[in-house]
Amino acid sequence: RKGISIDSYMNVVPTVTGNVIGVKTGVVMVSVGSDDGVKEGFVFTVVRGDRYVCNIRIDKVWPDMASGAVVPDSLRPEANGEADVQVGDYVSTHL
């Protein structure tokens with residue numbers, strides 16, 4: 001039977017997990033890159049322990065790392081517009 005696969009139709013994002021390895025003036029570096037399946041436009045959820053921090057959208061990808069910016073609408077109301085991303089925070093495309 002011909003047609004398109006549901007995966008290609010939905011543009012399924014694989015589960016990719018890593019850690020924040022750097023934060024500087026609105027740029028967040030993560031420990032996973034194209035070798036892990038990361039692509040520009042992927043959104044990662046950032047958590048610390050059991051606490052949600054924010055989401056980041058990837059805009060640059062290298063084989064072993066990627067960088068992105070905080071998605072402003074993803075900040076918790078009590079964050080007062082500031083993302084509290086720290087080195088070592090856990091990141092995942094799916095939680």
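Here, the structure is the one placed above.
Structure report, in brief. In this text the structure is predicted, and so the values were computed from the model without any measurement.

Some thoughts on the overall build of the chain
Piece 1. Check the secondary structure of the chain and you find 1 helix and 6 strands.
Piece 2. Traced from its N-terminal end to its C-terminal end, the chain shows the element sequence α-β-β-β-β-β-β.
Piece 3. Taking all 95 residues of the chain together, the buried fraction comes to 35%.
Piece 4. Pairs at least 24 apart in sequence give 56% of the contacts found in the chain among residues at least 6 apart.
Piece 5. Summed over its atoms, the accessible surface of the chain is roughly 6200 Å², and 52% of this surface lies on carbon and sulfur atoms.

Quick notes on the side chain of T45
Piece 1. With respect to the secondary-structure elements, T45 resides in strand β3 (residues 43-48).
Piece 2. A relative accessible area of 18% places T45 in the buried class.
Piece 3. Within the structure, T45 has its side chain in polar contact with the side chain of N55 (distance 3.1 Å).

Some points on the environment of D35
Piece 1. Structurally, D35 can be placed in the loop between β2 (27-30) and β3.
Piece 2. D35 sits in the exposed class, given a relative accessible area of 63%.
Piece 3. Taking the C-alpha atoms as reference points, D35 and W62, separated by 27 residues in sequence, lie 8.1 Å from one another.

Some details on the sheet that holds β3
Piece 1. A barrel is described by the order of its strands in space; here 6 strands give the closed sequence β1-β2-β5-β4-β3-β6, paired in antiparallel fashion. Averaged over all adjacent pairs, the angle separating strand axes in this sheet is 40°, with direction ignored.
Piece 2. Pairing of β2 with strand β5 (residues 66-70), which is carried by 3 bridges, proceeds in the antiparallel orientation. When the sheet's bridge partners are listed, V28 is paired in β5 with G68.

Basis of the calculations
- Residues numbered from 1 in each chain as written.
- Predicted model: local features only at pLDDT ≥ 70, side-chain atom pairs only at ≥ 80, totals over all residues.
- Heavy atoms only, no water.
- Helix = DSSP H or I, 4+ residues; strand = E, 2+ residues; numbered from the N terminus.
- Buried < 20%, exposed > 50% of the residue type's maximum accessible area, 1.4 Å probe, protein only.
- Contact = heavy atoms within 4.5 Å.
- Areas by Shrake-Rupley, 256 points an atom, 1.4 Å probe, with all protein chains shown as cover.
- Polar contact = N/O pair within 3.5 Å; in protein donor to acceptor, adjacent residues only side chain to side chain.
- Pairing = 2+ DSSP bridges.
- Axes fitted to C-alpha atoms, helices over the stretch in contact; angles between N-to-C directions.

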